[in-house]
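# Summary of structural features
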Amino acid sequence: MAEKNFDVVVIGGGPGGYIAAIRAAQLGFNTACIDEWTNDKGGPAPGGTCTNVGCIPSKALLQSSEHFEQAHHHFQDHGIGLDNLSIDVPKMLSRKDLVVKQNNDGILYLFKKNKVTFFHGRGSFAKAAEGGYEIAVAGKQAETIGAKHVVVATGSNARALPGAPFDEVNVLSNDGALKVGAVPRKLGVIGSGVIGLEMGSVWRRLGAEVTVLEALPTFLAAVDEQVAKEAFKAFTKQGLKIELGVKIGEIKNEAGGVTVAYTDAKGGAQSLAVDKLIVSIGRTPNTIGLNAEAVGLKLDERGAIVVDADCKTNLPNVWAIGDVVRGPMLAHKAEEEGVAVAERIAGQHGHVNFNTIPWVIYTSPEIAWVGQTEQQLKAEGRAYKAGSFPFMANGRARALGDTTGFVKFLADAKTDEILGVHIVGPMASELISEAVVAMEFKASAEDIARICHAHPSLSEATKEAALAVDKRTLNF
Ligand code: FAD
Ligand code: NAI
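This is a predicted model, so every value here is computed, not measured.

Right, let's talk about the overall build of the protein chain for a bit. When you go through the protein chain residue by residue, the secondary structure sums to 13 helices and 21 strands. Expected size for 476 residues packed as a compact globule is a radius of gyration near 23 Å; at 24 Å, the protein chain falls within 12% of this value. With respect to the principal axes defined by its C-alpha atoms, the protein chain has extents near 70 × 60 × 45 Å. The buried share of the protein chain, taken over its 476 residues, is 51%. Considering only intrachain contacts with a sequence separation of at least 6, the fraction spanning at least 24 residues in the protein chain is 62%. Put simply, the protein chain shows about 22,100 Å² of open surface, and 53% of that area lies on carbon and sulfur atoms.

Here the focus is the site of ligand 2. With respect to spatial proximity, 21 residues lie near ligand 2, and among them Glu-198, Glu-214, Gly-282, Met-329 and Val-360 are the closest. For ligand 2, an oxygen atom lies 3.2 Å from a polar atom in the backbone of Val-194. At 2.9 Å, a backbone N or O of Gly-282 approaches an oxygen atom of ligand 2. Across the complex, the protein chains shield 76% of the 830 Å² of accessible surface that ligand 2 would expose by itself.

Tracing the backbone shows Glu-225 in helix 7 (residues 225-238). Spatially, the C-alpha atom of Glu-225 lies 7.8 Å from that of Thr-373, the residues being 148 residues apart in sequence.

Moving on, we come to the side chain of Asp-264. By the element assignment, Asp-264 lies in the loop between strand 12 (257-263) and strand 13 (269-274). This buried residue, Asp-264, is left without a salt bridge; Lys-266 holds the nearest opposite charge, at 6.7 Å. Among the polar contacts made by the side chain of Asp-264, one reaches the main-chain amide nitrogen of Lys-266 at a distance of 3.0 Å. A polar atom in the side chain of Asp-264 sits 2.8 Å from the side chain of Gln-270. The contact partners of Asp-264, leaving out residues within four places of it in the chain, are Glu-243, Gly-245 and Gln-270.

Okay, the site of ligand 1 next. Taken together, 38 residues sit near ligand 1, with Asp-35, Thr-49, Lys-59, Gly-123 and Asp-323 positioned nearest. Interatomic distance of 3.5 Å between a backbone N/O atom of Cys-55 and a nitrogen atom of ligand 1. In the environment of ligand 1, an oxygen atom lies 3.2 Å from a nitrogen or oxygen atom belonging to the backbone of Leu-330. Of all the elements in the fold, those that place two or more residues in the shell around ligand 1 are helix 1 (15-26), strand 2 (31-35), helix 2 (48-53), helix 3 (55-74), strand 3 (117-129) and helix 8 (331-345). When residues in the shell around ligand 1 are grouped by element, the largest group, 4 residues, is from helix 2. When grouped by side-chain class, the residues that make up the shell around ligand 1 number 14 nonpolar, 18 polar and 6 charged.

A few words on the sheet that holds strand 7 (residues 171-172). Reading across the sheet, the 5 strands line up as 7-14-8-9-10 and stay open at both edges, with parallel pairing between neighbours. Because the sheet does not close on itself, it has two edges, and the strands there are strand 7 and strand 10 (241-243). The sheet contact formed by strand 9 (residues 209-213) and strand 10 spans 3 bridges and is parallel. Looking at strand 10, one finds that Thr-211 is bridged to Lys-241.

Attention shifts here to unusual backbone geometry. Looking along the chain, the bond that leaves Ser-364 and enters Pro-365 is cis, with omega of 5°. Here Pro-365 shows up in the loop between strand 17 (359-361) and strand 18 (366-371). A cis amide bond links His-455 with the next residue in sequence, Pro-456, at an omega value of -10°. Topologically, Pro-456 is positioned in the loop between helix 12 (445-449) and helix 13 (459-469). A positive phi is found at Asn-291, a non-glycine position, where the angle reads about 60°. Of note, Cys-311 is a non-glycine position whose phi angle comes to about 70°, a positive value.

Before going further, it helps to examine the pattern of salt bridges. Evaluated as defined, the whole model comprises 23 salt bridges. Ionic pairing is found between Glu-343 and Arg-23, a salt bridge with its closest N-O pair at 2.8 Å. Separated by 320 residues along the polypeptide, Glu-343 in helix 8 and Arg-23 in helix 1 bring together distant segments of the chain. On the accessibility criterion, Glu-343 (16% relative accessible area) is buried. The partner of Lys-59 in a salt bridge is Glu-198, and the shortest N-O contact between them spans 2.9 Å. Of the two residues, Lys-59 sits in helix 3 while Glu-198 sits in helix 6 (residues 194-205), which places them 139 residues apart along the sequence. Via salt bridges that share partners, Glu-446, Arg-450, Asp-470 and Arg-472 belong to a single interconnected network.

In terms of nonpolar packing, the biggest core is built from 36 residues, with Met-199, Trp-203, Phe-219, Leu-220, Phe-235 and Ile-367 touching the most fellow members. Within the residue set of this core, elements represented by two or more residues are helix 3, helix 4 (89-113), strand 8 (186-190), helix 6, strand 9, helix 7 and strand 18. Within the second largest apolar cluster, 30 residues are counted, among which are Ile-423, Val-436, Ala-461 and Leu-467.

Under the 1.5 Å per step criterion, the end-to-end length of helix 11 (residues 428-440) is 18 Å for 13 residues, consistent within 8% with the ideal 18 Å. All buried positions along helix 11 are accounted for by Ala-428, Ser-429, Leu-431, Ile-432, Ala-435, Val-436, Ala-438 and Met-439. Viewed end-on, helix 11 has its buried residues packed into an arc of 160°, placing them on one side of the element. Where helix 11 is buried, its residues touch strand 17, strand 18, strand 21 (418-425), helix 12 and helix 13. Just past helix 11, the residue Lys-442 takes up positive phi, approximately 55°.

Cut-offs applied
- Residues numbered from 1 in each chain as written.
- Chains lettered and ligands numbered in written order.
- Predicted model: local features only at pLDDT ≥ 70, side-chain atom pairs only at ≥ 80, totals over all residues.
- Heavy atoms only, no water.
- Helix = DSSP H or I, 4+ residues; strand = E, 2+ residues; numbered from the N terminus.
- Rg over C-alpha atoms; globule rule 2.2 N^0.38 Å.
- Buried < 20%, exposed > 50% of the residue type's maximum accessible area, 1.4 Å probe, protein only.
- Contact = heavy atoms within 4.5 Å.
- Areas by Shrake-Rupley, 256 points an atom, 1.4 Å probe, with all protein chains shown as cover.
- Near = heavy atom within 4 Å.
- Polar contact = N/O pair within 3.5 Å; in protein donor to acceptor, adjacent residues only side chain to side chain.
- Lys, Arg positive; Asp, Glu negative; His and termini not counted.
- Salt bridge = Lys/Arg side-chain N within 4 Å of Asp/Glu carboxyl O.
- Nonpolar A, V, L, I, M, F, W, Y, C, P; charged D, E, K, R; others polar.
- Pairing = 2+ DSSP bridges.
- Core = buried A, V, L, I, M, F, W, Y, C linked by side-chain atoms within 4.5 Å.
- Expected span 1.5 Å × (residues − 1).
- Arc of directions from axis to C-beta.

Written out as structure tokens, the structure is:
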């Protein structure tokens with residue numbers, strides 16, 4: 001037996017891991033969480049990719065850059081004049097760092113509040129032991145702790161292009177993209193997915209000339225086609241240059257910048273010279289240093305931990321959640337799995353509904369959706385009705401001066417059950433919650449259409465889109 005023994009040991013303190021640890025402690029388990037993320041002072045920085053180099057810092061920079069964009073281009077519409085507008089990039093970055101630190105500290109506080117024992121260091125499987133596992137912790141001190149249940153929540157890492165390793169100076173992953181110390185004159189982005197569009201938008205708003213190179217011939221292929229089309233139009237109008245259907249060739253990283261050779265959609269040889277290059281072509285599950293072999297933990301060909309629908313691995317009492325397993329790489333998906341696993345360990349019926357996980361892209365306009373897209377319903381041959389409502393016809397959107405986009409409902413042709421809701425426009429990230437709740441409760445479009453929504457509010461566009469399913473919008 002190890003000296004310190006726990007009912008539940010969580011390896012990884014990102015949104016999956018720290019939430020799993022808190023829920024396990026709430027359920028009465030003696031719980032530990034091990035996380036190795038270290039801040040620039042050598043101290044712990046729990047919260048994982050999401051808090052340190054993902055969701056939180058990217059949204060801080062999106063907010064700063066959106067303020068700049070508003071001041072630069074839109075304040076004058078309100079009669080507000082500004083002379084000598086400037087951006088202090090180091091200050092913007094230190095504000096972002098402060099927001100990150102507040103979140104790190106918040107998690108350490110939550111661990112204390114919930115009596116979760118925190119270990120700062122790397123956790124790895126030492127061996128299977130009687131009644132559980134021994135987990136080695138390599139931190140300031142090395143120690144071995146005992147666990148009846150292990151929850152692996154070790155997250156993911158950015159995928160590099162072959163021949164173009166991240167140096168985080170010129171060739172940037174999400175980490176370097178959040179730390180660029182001055183606005184690059186020219187910025188290249190490979191991959192027009194979520195990170196490419198969000199980080200491309202940040203630096204474009206601040207004045208960089210941004211070119212995004214995407215391998216697929218379709219823009220945002222997973223998004224509802226009508227929404228993707230509207231977003232493409234808006235991004236292009238803002239000055240984001242997006243080239244689809246390219247094939248990336250050699251990438252030369254030299255002192256003065258980066259040159260990307262590529263073949264365009266028509267087969268022509270092209271070259272793009274930029275000061276900085278962000279490579280955002282997806283992420284790979286992270287099991288580095290976990291010593292999965294020591295206990296025979298099964299991984300798939302992508303390196304993801306193999307789990308069943310309940311996040312059970314091939315080993316008894318070893319669970320895995322979040323980015324390190326199948327499914328969308330989203331913080332809220334990781335959190336839901338963390339809660340569900342803690343509840344399953346307690347013998348309860350933990351539940352994650354993959355059909356109602358919302359997606360949000362925090363660009364301007366924002367893009368948010370839940371459920372199925374129109375192209376998915378067509379492919380399935382499902383009979384559906386569609387209704388949409390433009391923000392152009394919404395009073396609050398006009399007052400805000402932000403009328404791009406629309407809300408779109410897809411409902412079953414017979415039962416009127418909501419099958420998908422797709423939003424492109426202002427505050428789509430907040431508006432989508434109503435649709436998630438509606439779908440969780442198996443609501444019909446008619447249900448939303450009959451609910452009183454505050455006036456004037458953007459949410460009235462949601463109600464009107466629900467009315468549009470039955471072709472009876474009131475304001476359009
Ligand atoms: P992670 O957050 O990656 O956490 C894993 C933790 O485990 C890390 O702290 C790591 O250091 C630690 N660890 C790994 N191995 C060990 C070990 N052996 N011992 C100890 N500790 C270990 N998702 C959203 O939902 N919304 C967003 O707006 C959003 N924005 C994003 C923006 C960017 C730029 C990026 C890169 C991602 C974004 N994501 C967003 C995705 C989101 O960050 C991830 O889905 C989420 O962080 C996954 O959580 P996780 O707990 O599985 O893993
Ligand atoms: P992504 O999967 O969103 O997009 C990657 C893009 O790169 C795709 O369009 C893909 O076709 C393209 N691509 C792949 N290989 C390529 C190549 N060789 N050349 C050119 N293009 C290529 O991945 P991304 O943007 O790296 O983000 C990773 C994950 O992080 C996302 O899938 C998402 O789950 C999460 N995330 C979520 C956010 C949010 O919820 N707002 C924000 C940022 C990230």
